[in-house]
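Descriptive structure summary
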Amino acid sequence: MSKFTDLRKPDIHAHEILEMMIRTGKTYTNESLSAEIVDEFGEDATFHTCSGHGLDAYDIVQHLWMKGKFYGNPEAFVFRPGDRCSH
């Protein structure tokens, strides 16, 4: 194992964020979800989807909005478990 292994940022699939949202059952705002993502996964984590890579907490929230993953508006939204993709 390389001595540089610990220097890599965690790269997490967006599904993990959606699963966290299901687990908590909370209604989020863009800001509260971004903050919870940082709390859950760390400030250094980056996120990816099938169509986006190297995203930070703010960018992944915006990306998920663009993909139609949230129900509501930026001031009060949820992820509906029935909207999970199966890949």
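Just above, that's the structure.
These lines cover the structure that appears in this document, whether it is placed above or below. (Residues numbered from 1 in each chain as written. Predicted model: local features only at pLDDT ≥ 70, side-chain atom pairs only at ≥ 80, totals over all residues. Heavy atoms only, no water.)

Applying the stated criterion across every chain, the model contains four aromatic pairs. On the numbers, 5.8 Å between centres and 80° between planes, the contact of Phe41 with Phe47 is edge-to-face. With relative accessibility at 19%, the residue Phe41 sits in the buried group. By relative accessible area, which is 1% here, Phe47 ends up buried. (Phe/Tyr/Trp six-rings, centres within 6.5 Å; stacked < 30°, edge-to-face > 60°. Buried < 20%, exposed > 50% of the residue type's maximum accessible area, 1.4 Å probe, protein only.)

What the rule picks out here adds up to two salt bridges. Linking Arg23 and Glu40 is a salt bridge whose minimum nitrogen-to-oxygen distance equals 3.1 Å. Of this pair, Arg23 sits in helix α1 (residues 14–24) while Glu40 sits in helix α2 (residues 30–41), and the two are 17 residues apart along the sequence. For Arg23, a relative accessible area of 56% translates into the label exposed. (Salt bridge = Lys/Arg side-chain N within 4 Å of Asp/Glu carboxyl O. Helix = DSSP H or I, 4+ residues; strand = E, 2+ residues; numbered from the N terminus.)

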